[in-house]
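Below, each chain spelled out in residue letters.
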Amino acid sequence: GCVTDWDGLTCWPRATFGEVVQVPCPRFFEEITNIHGSVLQRNCTQEAYWSEPFPPYTVACGFDESSTKGPEDQKSYYSAFWRVYTAGYAASVTSLITALIVFAAFRKFHCTRNYIHMHLFVSFILRAIAVFIKDAVLFADETMDHCLMSTVACKAAVAFFQFSILANFFWLLIEGIYLQTLLLLTFVSDKKYVWWFIFTGWGAPTAVMFAWVLTRIHQQNTGCWDDDENGVVLWIIKGPILLTVLINFIIFINVIRILVHKLKSQEGGGSHSSHFLRLAKSTLLLIPLFGVHYVVFAFFPETTGLEARLYIELGLGSFQGFVVALLYCFSNAEVQSELKKQLCKWQYQEYLNFIHKHRTLSRENSPVNYVTQLSLLEKISPKRKTSLYQNGVTSV
């Protein structure tokens, strides 16, 4: 029969002699032509050669060669888009690592609230790294035969990418749960919940990924696991993410209700109220910002609104880590105050070092110092000691 063939646009699976194989048009043609559901056919001849696609790509996929928006234009568009989201993820990683260093370096920031923020930072860093790894493994080589792209490395890269997305949403959920815990359990130490938060934030995504990988292996072990998934496999990932978004939305409404009640009754007055409001402002902004878009696209096929998905999930999504670092660290008044104090300490220490060095040099270059040094040399000079010894003997 005919072996698996990659014609540069579509992967044609293995076929027996005389078999006619049907495959859908490549997805990027649908973006160009807005024609969906078209199919291509190829026949496996008796000589074990594939026939030319029929109808041709231009006819079956509705592509007009005279169109100003061709595959090369689409390729250029995606290339420019890749540069944008790569820059976004690079900016996010840089800002998040800086925020992690700030929280780790200052003992004042070692508290449950910031520990949770740091885990959220790590989840966003992992997401950016996962995108870089996925791009390097799947799209670095343009001559790659995508029919043979079914290695353990590429599957692991896709699985890691899915895990990072799950971890993102679960740690956003933890942020919401922690905020509500602070507001409801005012007199209970939040340290007792830290390990439960950590276990949920990393354990739940791990369990979901374990189930997804096993289902993929046994039900849809095709390609590099980055193709369109059937219903069961798809909802193993989508289901938990939608659940976290739904719970966060409920928390969003409930926290607003609690805050309004506390402010009206003056129960949350003082420094604690200020602390709650700052945390609430950041968390309540993140919950709808990073969850609503997923709900909008969750119930539509992957091919629906592909360009809008790219803009929101990759274009804007690549800067989410930067926004998180800005809200929880760089715009935080406590962090700014502590950094200013540390900067003043460093400047004062540099000033003291300069003064000490200047005084040392002045002392070394002083004429009085030369006289002192000469007198010391005379005292310890061997000649002087010998003459004194001889004078002593003469007197005897």
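- An unreviewed UniProt entry annotates the protein as VIPR protein of Eurystomus gularis.
- One UniProt comment on the protein, placed under Subcellular location (unreviewed entry), says "Cell membrane".

### Quick word on the side chain of Glu 338
Moving on, step 1. Mapped onto the elements of the fold, Glu 338 is located in helix α12 (residues 333–364).
Moving on, step 2. Discounting chain neighbours no more than four positions away, the residues touching Glu 338 are Phe 106, Lys 108 and Phe 109.

### As for the nonpolar core
Moving on, step 1. Counting residues in each nonpolar core, the largest one holds 62 residues, and the members touching the most others are Phe 121 and Trp 212.
Moving on, step 2. Only α3 (71–105), α4 (112–139), α5 (152–184), α6 (194–219), α7 (231–265) and α11 (320–330) provide two or more residues apiece to this core.
Moving on, step 3. No other element matches α5, which puts 18 residues into this core.
Moving on, step 4. One finds Ala 15, Val 23, Leu 40 and Cys 61 within the second-largest nonpolar core, a separate group that totals 12 residues.

### Quick word on the packing of aromatic side chains
Each aromatic ring pair is described using two quantities: the centre-to-centre distance and the angle formed by the ring planes.
Moving on, step 1. Tallied over the entire structure, the rule returns 10 aromatic pairs.
Moving on, step 2. Look at Tyr 178 and Phe 197: their rings are 6.0 Å apart centre to centre, the planes differ by 90°, and that puts the pair in the edge-to-face class. Placement of the pair is Tyr 178 in helix α5 and Phe 197 in helix α6, with a sequence separation of 19 residues. Both residues of the pair, Tyr 178 and Phe 197, count as buried.
Moving on, step 3. With a centroid separation of 5.6 Å and an interplanar angle of 85°, the aromatic rings of Trp 212 and Trp 225 are classed as edge-to-face. Here Trp 212, found in helix α6, pairs with Trp 225, found in the loop between α6 and α7; they are 13 residues apart in sequence, far enough to count as distant.
Moving on, step 4. For Trp 212, a relative accessible area of 0% translates into the label buried.
Moving on, step 5. The class of Trp 225 is buried, set by a relative accessible area of 6%.
Moving on, step 6. Three or more aromatic residues joined by ring pairs form one cluster here, namely Phe 103, Phe 106, Phe 109 and Phe 121.
Moving on, step 7. Positioned above the aromatic ring of Phe 161 is the side chain of Lys 134, whose terminal nitrogen or guanidinium carbon lies 4.3 Å from the ring centre.
Moving on, step 8. It is Lys 238 that lies over the ring of Trp 235; its NZ or CZ is 5.8 Å from the centre.

### Some remarks on the UniProt feature "transmembrane region" (unreviewed entry) in the protein
Moving on, step 1. The UniProt entry lists residues 87–106, 118–140, 160–186, 193–215, 235–259, 279–300 and 312–331 under the feature "transmembrane region" (unreviewed entry), expressed in the numbering used here.
Moving on, step 2. Between the end C-alpha atoms of residues 87–106 the distance is 29 Å, and the span holds 95% helix and 0% strand.
Moving on, step 3. Across residues 235–259, the secondary structure splits into 100% helix and 0% strand, with the terminal C-alpha atoms separated by 35 Å.

### Points about the pattern of salt bridges
Moving on, step 1. This structure, assessed with the given rule, holds three salt bridges.
Moving on, step 2. Residues Glu 338 and Lys 108 are paired through a salt bridge, measuring 3.6 Å at the closest nitrogen-oxygen approach. Of the two residues, Glu 338 sits in helix α12 while Lys 108 sits in the loop between α3 and α4, which places them 230 residues apart along the sequence.
Moving on, step 3. Lys 108 sits in the partly exposed class, given a relative accessible area of 49%.
Moving on, step 4. Between Glu 334 and Arg 113 there is a salt bridge; the shortest N-O distance is 3.8 Å. One end of the pair, Glu 334, is in helix α12; the other, Arg 113, is in helix α4, with 221 residues separating them in the sequence.

### Section: the state of the cysteines
Chemically, a disulfide is nothing more than a covalent bond linking the sulfur atoms of two cysteines.
Moving on, step 1. In the structure shown here, the tally under the stated rule is two disulfides.
Moving on, step 2. Two residues share a disulfide in this structure: Cys 2 and Cys 44, whose sulfurs sit 2.1 Å from each other. Because the sign of the S-S torsion sets the handedness, a value of about 95° for the bond joining Cys 2 and Cys 44 places this disulfide among the right-handed ones. Of this pair, Cys 2 sits in the segment before β1 (5–6) while Cys 44 sits in the loop between β4 (39–43) and α2 (57–60), and the two are 42 residues apart along the sequence.
Moving on, step 3. Residue Cys 2 is classed as buried on the basis of its relative accessible area, which comes to 0%.
Moving on, step 4. Judged by its relative accessible area of 0%, Cys 44 is buried.

Reading the values: the criteria
Just so you know, the residues in each chain are numbered from 1, in the order the chain's sequence is written. Owing to the predicted nature of the model, reporting of local features is limited to residues with pLDDT of at least 70; listing and counting of side-chain atom pairs is limited to 80 or more, with chain, interface and lining totals taken over all residues. Excluded from the side-chain calculation are hydrogens and water; included are all heavy atoms of the structure. UniProt positions are given in the numbering used here, feature names are shortened, and annotations may be inferred rather than shown by experiment. Starting at the N terminus, helices and strands are each numbered in turn, a helix being any DSSP run of H or I of at least four residues and a strand any DSSP run of E of at least two. Should any heavy atoms of two residues lie within 4.5 Å, those residues are counted as being in contact. Definition used in this section: a nonpolar core is a set of buried Ala, Val, Leu, Ile, Met, Phe, Trp, Tyr and Cys residues joined via side-chain atoms within 4.5 Å. Each residue is assigned to one of three classes by its accessible area relative to the maximum for its type, calculated with a 1.4 Å probe on protein chains only: buried under 20%, partly exposed between the two thresholds, exposed over 50%. Pairing of aromatic rings covers Phe, Tyr and Trp, the last through its six-membered ring, and needs centres within 6.5 Å; plane angles under 30 degrees mean stacked, over 60 mean edge-to-face, and all others mean tilted. Two conditions define a charge sitting above a ring: the NZ of Lys or the CZ of Arg must be within 6 Å of the ring centre, and it must be within 35 degrees of the ring normal. We define a salt bridge as a side-chain nitrogen of Lys or Arg found within 4 Å of a carboxyl oxygen belonging to Asp or Glu. We call a pair of cysteine sulfur atoms a disulfide whenever their separation is within 2.5 Å.

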